[in-house]
Amino acid sequence: MSEEKKEEKQCAKWEPYMEMGHPEIDAQHKTLINEINKLCKELGNKEPDAEKLKAHIKFLLGYAAKHFATEEKVMQEIRYPGYLNHYNMHRWFEKQVRNLVNDYVKFGPTHTMVVRIHHLLVDWLVSHICGTDGDLRTYYKAYMKSTMDSMAGEDPSSEV
Ligand SMILES: [Fe+2]
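Conventions and cut-offs
Residues numbered from 1 in each chain as written. Predicted model: local features only at pLDDT ≥ 70, side-chain atom pairs only at ≥ 80, totals over all residues. Helix = DSSP H or I, 4+ residues; strand = E, 2+ residues; numbered from the N terminus. Buried ≥ 20, exposed ≤ 12 C-beta atoms within 10 Å, placed from the backbone. Core = buried A, V, L, I, M, F, W, Y, C linked by C-beta atoms within 7 Å. Contact = placed C-beta atoms within 7 Å. pLDDT = per-residue confidence, 0-100. Expected span 1.5 Å × (residues − 1). Bend = angle between axes of the 7 residues up to and from the residue. Axes fitted to C-alpha atoms, helices over the stretch in contact; angles between N-to-C directions. Parallel < 35°, antiparallel > 145°, perpendicular 65-115°, else oblique. Left-handed = near helix turned anticlockwise from the far one by under 90°. Nonpolar A, V, L, I, M, F, W, Y, C, P; charged D, E, K, R; others polar.

Novice: Would you explain the overall build of the chain in this entry?
Specialist: Helix and strand counts for the chain come out as four helices and zero strands. Helices (α) and strands (β) of the chain occur, in sequence order from the N terminus, as α-α-α-α. Looking at the chain as a whole, 16% of its 160 residues are labelled buried.

Below is the structure:
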């Protein structure tokens, strides 16, 4: 008889291409992915535990807000041309989450609610990290390279 090994289902997986090269943002993305998987695991239960769901959502929301603030600060520092669009996406997400939380308080963890939580928190955040943040990643890497190149090209003896 074969032993049925239940593989842990992961909604999101950290991949090396996601590395931006900014230690704080990279660490935050890893934490977000980890938390998304915890939430996903709870959502996958036949009857999700309302208290656990609430705790996961609360953590994710607080963490996403902190992470958005970090990203926005970095985008401003490097004068990222896609800043406004990216900033608006963060605000859109927060607005949707506010609606979701209000409905959750009203209706509790109904099936529809579970689907909405999954769609918004899991799908949106994962595609945001992989997609929208991908454009920022590319720009950030190019920005850092050109900064390093121009520093390397400076002649220290020319300084008076
Ligand atoms: Fe972002």
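Next, the rest of the story.
Novice: So what exactly am I meant to see when it comes to the nonpolar core here?
Specialist: In globular proteins that are soluble, nonpolar side chains generally tend to be buried together. Within the largest apolar cluster, 12 residues are counted, these being Ala12, Leu32, Ile36, Leu39, Leu53, Ile57, Leu60, Ala64, Ile117, Leu121, Leu125 and Ile129. Elements supplying a minimum of two residues to this core: helix H1 (23–44), helix H2 (50–77) and helix H4 (111–153). Discounting residues that sit within four places of it in the chain, Leu60 has contacts with Glu35, Leu39 and Leu121. Ranked by size, the runner-up nonpolar core spans five residues in total, among them Met20, Ile25, Tyr80 and Leu136.

Novice: Even after reading the chapter, I still don't get unusual backbone geometry, so can you show me in this structure?
Specialist: With glycine set apart, most residues show a phi of negative sign, and most peptide bonds adopt trans. You will see that Arg79, though not glycine, has its phi angle at about 50°, which is positive. With respect to the helices and strands, Arg79 occurs in the loop between H2 and helix H3 (83–107).

Novice: How should the confidence of the model for the chain be read in this particular structure?
Specialist: Detailed conclusions should not be drawn from predicted coordinates in areas where pLDDT is low. In the predicted model, the chain carries a mean pLDDT of 85, and 91% of its residues have values of at least 70. Of all secondary-structure elements in the chain, the lowest mean pLDDT belongs to H4, at 87, while H3 reaches the highest, 90. Here residues 1–6 scores under 50 on pLDDT; set against residues more than four positions off or in separate chains, the count is zero contacts.

Novice: What should I look at first to understand the environment of Leu120 in this one?
Specialist: Secondary-structure assignment places Leu120 in helix H4. Residues Leu120 and Asp135, spaced 15 residues apart in sequence, show a C-alpha to C-alpha distance of 21 Å. Leu120 has contacts with Gln96, Val97 and Leu100, leaving out every residue within four places of it along the chain.

Novice: What is the right way to look at H4 in this model?
Specialist: Structurally, the α-helix is built with 3.6 residues per turn, so residues lying three or four positions apart point the same way. Across its 43 residues, H4 extends 60 Å between first and last C-alpha, which sits within 8% of the 63 Å expected from 1.5 Å per residue. Along its length, H4 reaches its greatest deviation from straightness, about 45°, at Gly134. Packing partners of the buried residues in H4 comprise H1, H2 and H3.

Novice: Just to check I follow, could you spell out the packing of H1 against H2 for this structure?
Specialist: Put simply, H1 and H2 touch, their axes get as near as 10 Å, and they point 160° apart. What the angle tells us is that H1 and H2 run roughly antiparallel. In terms of crossing hand, the pair formed by H1 and H2 is left-handed. Contact residues: Glu24, Ile25, Gln28, Thr31, Leu32, Glu35, Lys38, Leu39 and Glu42 in H1; Lys52, Leu53, His56, Ile57, Phe59, Leu60, Tyr63, Ala64, His67, Thr70, Glu71 and Val74 in H2. Counted by class, the contact of H1 with H2 contains 10 nonpolar, five polar and six charged residues.

Novice: Mind showing me how you'd approach H2 here?
Specialist: With 28 residues, H2 should reach 40 Å at 1.5 Å per residue; the first-to-last C-alpha distance of 40 Å fits that figure. If you check which residues of H2 are buried, you get Leu53, His56, Ile57, Leu60, Ala64, His67 and Glu71. If you follow the buried residues of H2, they end up packed against H1 and H4. Two residues or fewer after H2 comes Arg79, characterised by a positive phi angle close to 50°.

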